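Fold and contact review
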Amino acid sequence: MRKLLIVPVLLFALLLGCVKAGSIAPGTNPTLAKVVQAESDVDTGVAAALTITQQVYAANLIDKATASQIASVLATVTQANAQAIALTKTLTTISATNALTLQTLESPITTALQNLVQSGLVGIKDAKTKAAVTAALSTILVTLQIIQGVSGT
Amino acid sequence: MTAIVQLIAALAPTVTNLILHLKNGDGSTTIVAMLSAADSANATNAANLAAFQTALGTAVPAKPTT
């Protein structure tokens, strides 16, 4: 019985040692990898925020003006992220100039998101709805701040 | 016997990862693959947002790209 167990246990240990699901290829510039990961996370955050916005709008928990305001900011974030991705595609490292370009790209949308989170959601009366939308938008904000915080090498 | 069945069940996800690992060579994700996925996800978001804005009646014409 013990011998029968050893084979799968050894196989499991072997697999744990060699499989790195989601890891980035060795030799990749770490700053570039950080930016690409953040750009991917922005996509995830926007998709989540859009889903929540659509759900609470459909449930009449937010009005059309608020939904439009959120959608507009998310669209702006998406446009800027497309530009950031396009720029990143051309890079193998992040230079100081590249970092500045990314910061310039992300700065206005970070401000727009901050304004939306801090004062633009006053139209949402339901506390739980407000908390959910705020959390979704704040997640994107944190990710954008990661890109803005990148310094070139 | 039960222990073996439990172990096999526990191993199933890892075996799936192993198959992916073998398929992708070194098992890691390249920047190119990540960027491609991010690009695709971003385009999906843009389309979904445009559809939502259209449904809201607040769609704005797309700006011409330079």
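Fair warning: this is a prediction, and the values are worked out from it, not measured in the lab. (Residues numbered from 1 in each chain as written. Chains lettered and ligands numbered in written order. Predicted model: local features only at pLDDT ≥ 70, side-chain atom pairs only at ≥ 80, totals over all residues. Heavy atoms only, no water.)

We now examine the overall build of chain B. When its secondary structure is counted, chain B shows two helices and zero strands. Among the 66 residues that make up chain B, the fraction classed as buried is 24%. Accessible area of chain B: about 4,300 Å², with a carbon and sulfur share of 68%. (Helix = DSSP H or I, 4+ residues; strand = E, 2+ residues; numbered from the N terminus. Buried < 20%, exposed > 50% of the residue type's maximum accessible area, 1.4 Å probe, protein only. Areas by Shrake-Rupley, 256 points an atom, 1.4 Å probe, with all protein chains shown as cover.)

This model, assessed by the stated rule, comprises one salt bridge over all chains. For Lys89(A), the salt bridge is made with Asp39(B), and the minimal N-O distance between the two is 2.4 Å. Linking Lys89(A) in helix 3 (residues 64–89) with Asp39(B) in helix 2 (residues 31–56), this pair reaches from one chain into another. (Salt bridge = Lys/Arg side-chain N within 4 Å of Asp/Glu carboxyl O.)

So, about the environment of Ala71(A). Mapped onto the elements, Ala71(A) comes out in helix 3. Look at Ala71(A) and you get buried, because its relative accessible area is 1%. Taking the C-alpha atoms as reference, Ala71(A) lies 20 Å from Gln145(A); in sequence the two are 74 residues apart. Setting aside residues up to four positions removed in sequence, Ala71(A) forms contacts with Leu49(B), Phe52(B) and Gln53(B). (Contact = heavy atoms within 4.5 Å.)

A few words now on the packing of aromatic side chains. In this structure the tally under the stated criterion is one aromatic pair over all chains. Ring centres 6.1 Å apart and planes at 75 degrees place the aromatic pair Tyr57(A) and Phe52(B) in the edge-to-face group. On the criterion of chain membership, the pair formed by Tyr57(A) in helix 2 (residues 30–58) and Phe52(B) in helix 2 is interchain, its members lying in two chains. Residue Tyr57(A) is classed as partly exposed on the basis of its relative accessible area of 24%. Residue classification places Phe52(B) among the buried residues on the basis of a relative accessible area of 7%. (Phe/Tyr/Trp six-rings, centres within 6.5 Å; stacked < 30°, edge-to-face > 60°.)

Now for the side chain of Thr31(A). Residue and element names in this part refer to chain A. Its place among the elements puts Thr-31 in helix 2. On the basis of relative accessible area, Thr-31 is assigned to the buried category, the value being 16%. Here Thr-31 is in contact with Ile-94, Val-150, Ser-151 and Thr-153, once residues within four sequence places are set aside.

With that settled, consider the side chain of Asn98(A). Looking at the element boundaries, Asn98(A) is found in helix 4 (residues 96–120). Ignoring sequence-local partners within four residues, the contact set of Asn98(A) consists of Leu87(A), Leu91(A) and Thr93(A).

Our focus in this paragraph is the packing of helix 2 of chain A against helix 2 of chain B. Viewed as axis vectors pointing N to C, helix 2 of chain A and helix 2 of chain B meet at an angle of 25 degrees, and their least axial separation amounts to 9 Å. Classified by the angle their axes make, helix 2 of chain A and helix 2 of chain B are roughly parallel. The chirality of how helix 2 of chain A crosses helix 2 of chain B is left-handed. (Axes fitted to C-alpha atoms, helices over the stretch in contact; angles between N-to-C directions. Parallel < 35°, antiparallel > 145°, perpendicular 65-115°, else oblique. Left-handed = near helix turned anticlockwise from the far one by under 90°.)

Residues and elements named next belong to chain A. Two numbers describe how helix 2 lies on helix 3: the axes approach to 10 Å, and their chain directions differ by 160 degrees. With respect to helix 3, the element helix 2 is oriented roughly antiparallel. The handedness of the crossing between helix 2 and helix 3 is left-handed. Contact with helix 2, carried on its side by Leu-32, Val-35, Val-36, Glu-39, Val-42, Asp-43, Val-46, Ala-49, Leu-50, Thr-53 and Tyr-57, involves Lys-64, Ala-67, Ile-70, Leu-74, Val-77, Thr-78, Asn-81, Ala-84, Ile-85 and Thr-88 of helix 3 and no other residues of that element. Looking at the contact of helix 2 with helix 3 residue by residue, the classes come out as 14 nonpolar, four polar and three charged. (Nonpolar A, V, L, I, M, F, W, Y, C, P; charged D, E, K, R; others polar.)

A word on the confidence of the model for chain A. In this model, chain A carries an average pLDDT of 83, and 82% of its residues clear a pLDDT of 70 or more. Predicted confidence for residues 7–21 of chain A stays below pLDDT 50, and this span has 14 contacts to residues more than four positions away or in other chains. (pLDDT = per-residue confidence, 0-100.)

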